[in-house]
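Read off the chains here:
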Amino acid sequence: MNILVINYGSSSIKYQVIDTRSETTLKSGNIERVGLDIAPDAAMRQLLATLQDCAIGAIGHRVVHGGDHFRQAAPIDDTVIGVIRECCKLAPLHNPRNLDGILAARAAFPEVPQVAVFDTAFHATLPEHAHTYALPQTHCRTHSLRRFGFHGTSHQYVAQKAAETLRRPLSELRLISLHLGNGASACALEGGRSVETSMGMTPLEGLVMGTRSGDLDPGALLYLMRQENFSVEDVDTLLNKQSGLLGVSGLSPDVRELEKAASEGHPGASLALAVFVHRVRKYLGAYLAILNGADAIILTGGIGENSPSMRQRILQDLSFAGIALDTAKNEARPTALQSVLEISSPQSRVKLLTIKTNEELMIAQQTLAALNTVP
Ligand code: ADP
């Protein structure tokens, strides 16, 4: 079946038409600067008009936040739309756009079944002690304050690929998945299920990201609000858009640029990369404790897939845990067809894998699965 996958982000619409039988992409594109150069509804209409001849059998939408309502992908009906709308307050940058995409696609393809695939659903298996914030529980219940986790489709996809590569059932494996892109998160998986992840109620918690702070002492925010008279909007902009690699380096959120600047002696760039690496290693150590060791560590996302030097800095000096990187394999350039690269040395007890993530294919597969469960 040909499935149209729509990933309507905060400022771009990415789409792919995927033939799920051959797992090939028939058509793909990216409309950028939506809301700036082109109005969102016009962008959607333009995109959908170009796909009228693609024999689309179903549409899968990436939806960022499903709250605690969904444990898996859901065929879209009015109830599901209502819940996605209710979750807008939890993801104000993303869910309203996801909803726009769903409504426009319903109008353009009224006969085609549609499915919402949630970033949060894969983490529905987090145990209570991992998703609970140490706050008064009355507030937590009233406001759904809990850790949800994101990047679920990516962590799930690379975990399946790792099991295939290792030729072992996913149900037997302890895996640590590091999705290191502009947004970054870590996930500990036991038997294919997410048992811990670094993002929380929102995608701000955890690792250092391009422009997001990740973990921070909440007291530092209270202090800034008092000292600088920061409003809620000011703090939102600070944490989401001005922090992370950009904030520390004062230069760029982009690891490629920072690696170049650091090699030319830019102290901010060096510090930003060092803080990023240190945070990832802290989580790696924590997840080794949670899982009592690991069978494999997976690196994915733009940085995990493409930066040998960042991989080396993250994975070096971990011999206490039986982790040994093969530096020559780590430097090898994968061919276009190679989506998995094993970079551990033969004596490493923990396999080290870089895996090219494919969230669109995962969304297409989950769309298909969700529709098969509908009578
Ligand atoms: P997004 O979260 O927006 O999908 P990506 O997964 O594409 O982001 O990751 C973007 C990050 O990957 C950027 O920091 C970019 O610099 C980094 N990156 C991409 N290619 C390379 C490379 N060859 N070397 C180092 N970093 C890279």
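Residues numbered from 1 in each chain as written. Predicted model: local features only at pLDDT ≥ 70, side-chain atom pairs only at ≥ 80, totals over all residues. Heavy atoms only, no water.

**With respect to the state of the cysteines**
Move 1: With the rule as written, the count across this model stands at 0 disulfides.
Move 2: Its sulfur unpaired, C88 is 7.8 Å from the next cysteine sulfur, which belongs to C87.
Move 3: Its sulfur unpaired, C140 is 17 Å from the next cysteine sulfur, which belongs to C87.
Move 4: On the basis of relative accessible area, C140 is assigned to the buried category, the value being 8%. (Disulfide = S-S within 2.5 Å. Buried < 20%, exposed > 50% of the residue type's maximum accessible area, 1.4 Å probe, protein only.)

**Thoughts on the nonpolar core**
Move 1: Counting residues in each nonpolar core, the largest one holds 44 residues, and the members touching the most others are I176, L178, L180, I297 and L315.
Move 2: Of all the secondary-structure elements, those providing two or more residues to this core are β7 (174-180), β8 (184-190), α10 (255-263), α11 (267-291), β10 (296-300) and α13 (308-315).
Move 3: Examining the composition of this core, we find that 11 residues originate from one element, α11, more than from any other.
Move 4: What L178 contacts, discounting residues up to four positions off in sequence, is S185, A186, V280, L284, I297, I298, L299, T300 and I314. (Core = buried A, V, L, I, M, F, W, Y, C linked by side-chain atoms within 4.5 Å. Helix = DSSP H or I, 4+ residues; strand = E, 2+ residues; numbered from the N terminus. Contact = heavy atoms within 4.5 Å.)

**Here we look at the pattern of salt bridges**
Move 1: Applying the stated criterion across every chain, the model contains 12 salt bridges.
Move 2: Between E196 and R147 there is a salt bridge, with the nearest N and O atoms lying 2.9 Å from each other. You can see E196 sitting in strand β9 (residues 193-197) and its partner R147 sitting in the loop between α5 (137-143) and α6 (152-166), a full 49 residues away along the chain. R147 shares its class with E196; the two are buried.
Move 3: One salt-bridge network, held together by shared partners, links R168, E172, R174 and D295. (Salt bridge = Lys/Arg side-chain N within 4 Å of Asp/Glu carboxyl O.)

Spatial relationships are all this shows, so hold off on functional conclusions.
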